[in-house]
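# Fold and contact review
The lines below spell out each chain.
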Amino acid sequence: MDCDEVMLTVRITAAERALLRELARGHGGDVSEVAVDGLLEVIPVLHDDACVLPLLRVLARPAPFALTLWLPAPVADLLPLLGERLARTGGPAAGPASAALSTALRLWLSGDRVALAAGLARMHGGCGAVAVVPAGVGPVGPAGFGAQPVKVAA
């Protein structure tokens, strides 16, 4: 029997949970869908070495709250690979898929609120609520998560 969705429990802080719910209210109210969107937005950032310090800052804060999310099976299939990448960037050792999802979700939620809402609005192509974004706020990249670009001399 195939399953279209996978249920995972993530560990986050109270502030992260409140922000996730707030973002979900602005995009149809589905917390799991917003978490998937955030995961898809943060995965490319995790391949940039500039994410190491923000990642370590996020992981230093305790995450006492459990939240159950439903992920599409193809997205859940990415989590073991994501776990391996997180371990290489200073995150927790490769473990259950829920640990990888928790870490990536917490890194995404540590970004600027306005940039997160703008990213969700872009992903949904203007569907649902429209986020008001100040001029100059662009796509979320490593800088959106507190990482500073590093210039290397050639």
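Structure shown above.
### Structural notes on the environment of Val42
- Position of Val42 relative to the elements: it lies in helix H2 (residues 31–42).
- When the C-alpha positions of Val42 and Leu105 are compared, they lie 7.9 Å apart, and in sequence the two are 63 residues distant.

### Examining the side chain of Arg106
- In this structure, Arg106 sits in helix H6 (residues 97–109).
- For Arg106, a relative accessible area of 4% puts it in the buried group.
- A polar side-chain atom of Arg106 sits 2.9 Å from a polar atom in the side chain of Glu16.
- Here Arg106 is in contact with Arg11, Ile12, Thr13, Glu16, Val58, Leu59, Arg61, Pro62 and Ala63, once residues within four sequence places are set aside.

### What about helix H7 (residues 113–123)?
- Among all positions in H7, only Ala115, Leu116, Ala117, Ala118, Gly119, Leu120 and Ala121 are buried.
- The elements touched by buried residues of H7 are helix H1 (14–25), H2 and H6.
- One side-chain oxygen at the N-terminal end of H7 lies 3.2 Å from the backbone nitrogen of Val114; it belongs to Asp112.
- Two residues or fewer after H7 comes Gly125, characterised by a positive phi angle close to 60 degrees.

### A short note on the nonpolar core
- Leu23, Leu39, Leu46, Leu82, Leu101, Leu105 and Trp108 are the most contacted members of the largest nonpolar core, which has 36 residues in total.
- Element by element, the count of residues in this core is highest for H6, at seven residues.
- Once residues lying within four places of it in the same chain are set aside, the contact partners of Leu82 are Leu39, Ile43, Leu46, Ala100 and Ala104.

### Some details on the packing of aromatic side chains
- Inspection of the entire model under this criterion finds zero aromatic pairs.
- Across from the ring centre of Phe65, 4.2 Å away, lies the NZ or CZ of Arg17, which sits over that ring.

### Remarks on the pattern of salt bridges
- Inspection of the entire model under this criterion finds three salt bridges.
- For Glu16, the salt bridge is made with Arg61, and the minimal N-O distance between the two is 2.8 Å. One end of the pair, Glu16, is in helix H1; the other, Arg61, is in the loop between helix H3 (52–60) and strand E2 (65–72), with 45 residues separating them in the sequence.
- Residue classification places Glu16 among the buried positions, given a relative accessible area of 4%.
- With its nearest N and O atoms 2.9 Å apart, the salt bridge here joins Arg106 to Glu16. Of this pair, Arg106 sits in helix H6 while Glu16 sits in helix H1, placing them 90 residues apart in sequence.
- Three or more residues joined by partner-sharing salt bridges are found here, namely Glu16, Arg61 and Arg106.

### Structural notes on a nonpolar patch on the surface
- On the surface, Leu40, Leu78, Leu81 and Met123 cluster together to form a nonpolar patch covering roughly 340 Å² of accessible area.
- Positionally, Leu40 belongs in helix H2.
- Leu40 gets classed as partly exposed once you look at its relative accessible area, which sits at 38%.

Reading guide: rules and limits
- Residue indices follow the written sequence of each chain, beginning from 1 at its first position.
- For a predicted model such as this one, the threshold for reporting local features is a pLDDT of at least 70, and the threshold for listing and counting side-chain atom pairs is 80 or more; totals across whole chains, interfaces and linings nevertheless cover every residue.
- Derived side-chain values reflect all non-hydrogen atoms in the structure, with water molecules and hydrogen atoms excluded from consideration.
- For the purposes of this entry, the term helix denotes a DSSP run of H or I that reaches at least four residues, the term strand denotes a run of E that reaches at least two, and both are numbered from the N terminus.
- Burial here depends on accessible area, computed with a 1.4 Å probe over protein chains only, as a share of the maximum for the residue type. Under 20% is buried, over 50% is exposed, and the range in between is partly exposed.
- Polar contacts here mean pairs of N or O atoms no more than 3.5 Å apart (in protein, one a potential hydrogen donor and the other a potential acceptor; neighbouring residues in sequence count only if both atoms are side-chain atoms).
- Contacts: residue pairs with any heavy atoms within 4.5 Å of one another.
- We define a nonpolar core as any set of buried Ala, Val, Leu, Ile, Met, Phe, Trp, Tyr and Cys residues linked to one another through side-chain atoms lying within 4.5 Å.
- Each aromatic pair joins two rings of Phe, Tyr and Trp (for Trp, the six-membered one) with centres within 6.5 Å, and gets the label stacked for planes under 30 degrees apart, edge-to-face for over 60, and tilted for any other angle.
- Whether a charge sits over a ring depends on NZ of Lys or CZ of Arg being within 6 Å of the ring centre and within 35 degrees of the ring normal.
- A pair is scored as a salt bridge if a Lys or Arg side-chain nitrogen falls within 4 Å of a carboxyl oxygen belonging to Asp or Glu.
- Distance thresholds for patches are 9 Å for like charges and 5 Å for nonpolar side chains (Val, Leu, Ile, Met, Phe, Trp, Tyr), applied to residues having over 30% relative accessible area and no salt bridge.
- Accessible areas in this description were obtained via Shrake-Rupley with a 1.4 Å probe; residue shielding takes into account the shown protein chains only.

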